[in-house]
Amino acid sequence: MSDRYALFGHPIGHSLSPRIHAAFAEQTGQRISYQAIDPEPDGFSAAVREFRVGGGAGFNVTVPYKIEAWRMADELGSAAQRAQAVNTVVCRDGLLHGYNTDGIGLVRDLEQNLGVELCGARILLLGAGGSAAGVLGPLLDRRPSRLLVANRTPSGAAALRDRFKGVAGLTSAGFDGIDGEFDLILNATSASLVDARPSIPRQTVTRRTLAYDLMYSTRATPFMVWAKAAGAARCVDGIGMLVEQAAEAFFLWRGVRPSSRPVIDSFGRRG
Ligand code: NDP
C-alpha cells in the first residue's frame, strides 16, 4: 500500500506538483500517491478532514489556502511562523505539522542551481502577498546588504517589513519609491498571471542583474521580457523554486532527499 499525499488549491488543474512528486517517488523508490484536490468554496477544512480520515499522510497547500492552513496547523515550523503561511503539512500522531518550504526552495534554486551569492547582494523583492512573505525570512537569513520590499499597495510592503523589524538593510516602498540598482530582482507579484508586469524604474537593472519571476510559464513572462530589454544579465522563471520547494516537502514527508536538478531540467527552465 502506498502512502497518500495531496495538493489542495484552487484553481489547480494545471499544477505541475503531481508530476514533480511522481518523479521524486520514482527516483527514490518511495511508494506514494499524490493527487490534486480542488475543494468546494469554503470547503478547505472539510476537505482536509476527509483526507485525514482516509489515511492521508501529508499535503501541500497553494493559493488561496496557505493562510487558512497556517491557522489550522497544530504545530508550526519556524519558516511557517515567520511567513504566517503554510504550504506543506505533515500529518503525524493525530496532529497537523505546518511548514513553509517556499523560501528555502527559492534560496536553494538561487544558490545551488543559479550560482547566486546572496550574502552582500542588493535585492529588490516585488510584491507583499503570500509568496513574498514566504521568501523574505530565508532571504534575510543570507544577510544581503540591502533588501527593498516594494509593492503596488505600499502599506502591504510596510506591513511585511514590520514583521522583520530591526533587520539591517530592510526597507519598503511603493513602486514609485524604488531607488538604486539591484543585483537580484524577484517578481513575487501575481501580475504575470494576467500577462502584466509590475511597473518599476528601468534604472534598477544593471548588466549584472538577475531578474527572477516566481511564476513559471511555458514562455517568458512580461517581467522577464522587460528585464531583458532593460539589460539584465539573466532572466529566469520560477520552475526551479517550484521543484526545490517540492523537494523539501518530500524530504519532510519521507526523510529522503530527492535530486531536484534532473526534474527541473525535464521541464526545461525558461530564461
Ligand atoms: P498573492 O495573491 O498572495 O499576492 C499577490 C501580490 O501581487 C500582491 O503583492 C499584489 O499587490 C501583487 N499584484 C497583483 N497584481 C499586480 C499587478 N497587476 N501589478 C503589480 N502587482 C500586482 O500571490 P502569491 O504571493 O501567492 O503569488 C505571487 C506569484 O508567485 C504568482 O505568480 C505565483 O504563481 C508565484 N508563486 C510561485 C511559486 C513557485 O514555487 N515558483 C510558489 C508560490 C507562488 P497588492 O498588494 O497591491 O494587491
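None of the values given here were measured: they were computed from a predicted structure.

A. Summary view of the site of the ligand. Taken together, 23 residues lie around the ligand, and Gly-130, Ser-131, Asn-151, Thr-153 and Leu-214 are the ones closest in. Side-chain polar atom of Ser-131 to an oxygen atom of the ligand: 2.6 Å apart, as the coordinates give it. Interatomic distance of 3.4 Å between a backbone N/O atom of Leu-242 and an oxygen atom of the ligand. Those elements giving two or more residues to the shell around the ligand turn out to be α6 (130–141) and α9 (239–254). Taken together, the residues of the shell around the ligand sort by class into eleven nonpolar, nine polar and three charged.

B. Just helix α8 (residues 222–229), in detail. Among the residues of α8, those classed as buried are Phe-223, Met-224, Trp-226 and Ala-227. Projected onto a plane normal to the axis of α8, the buried residues spread over an arc of 165° and lie on a single side. Exposed and oriented more than 90 degrees from the buried face of α8 are Lys-228 and Ala-229. Where the residues of α8 are buried, they touch β7 (122–126), β10 (182–187), β11 (205–213) and β12 (234–236).

C. Just the pattern of salt bridges, in detail. This structure, assessed with the given rule, holds eleven salt bridges. Of the charged contacts, one joins Glu-248 and Arg-108 as a salt bridge, the two residues approaching to 2.7 Å between their closest N and O atoms. Linking Glu-248 in helix α9 with Arg-108 in helix α5 (residues 102–113), this pair joins segments that are 140 residues apart in sequence. A relative accessible area of 18% places Arg-108 in the buried class. Across the pair Arg-257 and Glu-248 runs a salt bridge, and its minimum N-O distance is 3.0 Å. For Arg-257, a relative accessible area of 43% gives the class partly exposed. Among the residues examined, Glu-248 registers a relative accessible area of 12% and is labelled buried. What emerges from the salt-bridge pattern is a single network uniting Arg-108, Glu-248 and Arg-257.

D. How the structure looks around helix α2 (residues 44–53). Burial in α2 covers these residues: Phe-44, Ala-47, Val-48 and Phe-51. Each buried residue of α2 lies within a common arc of 100° when the element is viewed along its axis, so the set occupies one face. Turned more than 90 degrees away from the buried face of α2 sit Arg-49, Glu-50 and Val-53, all of them exposed. With its phi angle positive at about 95°, Gly-55 sits one or two positions after the end of α2.

E. Representation of unusual backbone geometry. For the bond running from His-10 to Pro-11, omega is -5°, close enough to zero to count as cis. Take Pro-11: it is sitting in the loop between β1 (3–8) and α1 (17–28). Residue Val-63 is joined to Pro-64 through a cis peptide bond whose omega torsion reads 5°. Along the chain, the position of Pro-64 falls in the loop between β3 (56–61) and α3 (66–72). Its identity as a non-glycine residue notwithstanding, Arg-143 has a phi of 60°, on the positive side. Within the secondary structure, Arg-143 is located in the loop between α6 and β8 (146–151). With a relative accessible area of 65%, Arg-143 lands in the exposed category.

What counts, and at which threshold
- Residues numbered from 1 in each chain as written.
- Predicted model: local features only at pLDDT ≥ 70, side-chain atom pairs only at ≥ 80, totals over all residues.
- Heavy atoms only, no water.
- Near = heavy atom within 4 Å.
- Polar contact = N/O pair within 3.5 Å; in protein donor to acceptor, adjacent residues only side chain to side chain.
- Helix = DSSP H or I, 4+ residues; strand = E, 2+ residues; numbered from the N terminus.
- Nonpolar A, V, L, I, M, F, W, Y, C, P; charged D, E, K, R; others polar.
- Buried < 20%, exposed > 50% of the residue type's maximum accessible area, 1.4 Å probe, protein only.
- Arc of directions from axis to C-beta.
- Contact = heavy atoms within 4.5 Å.
- Salt bridge = Lys/Arg side-chain N within 4 Å of Asp/Glu carboxyl O.

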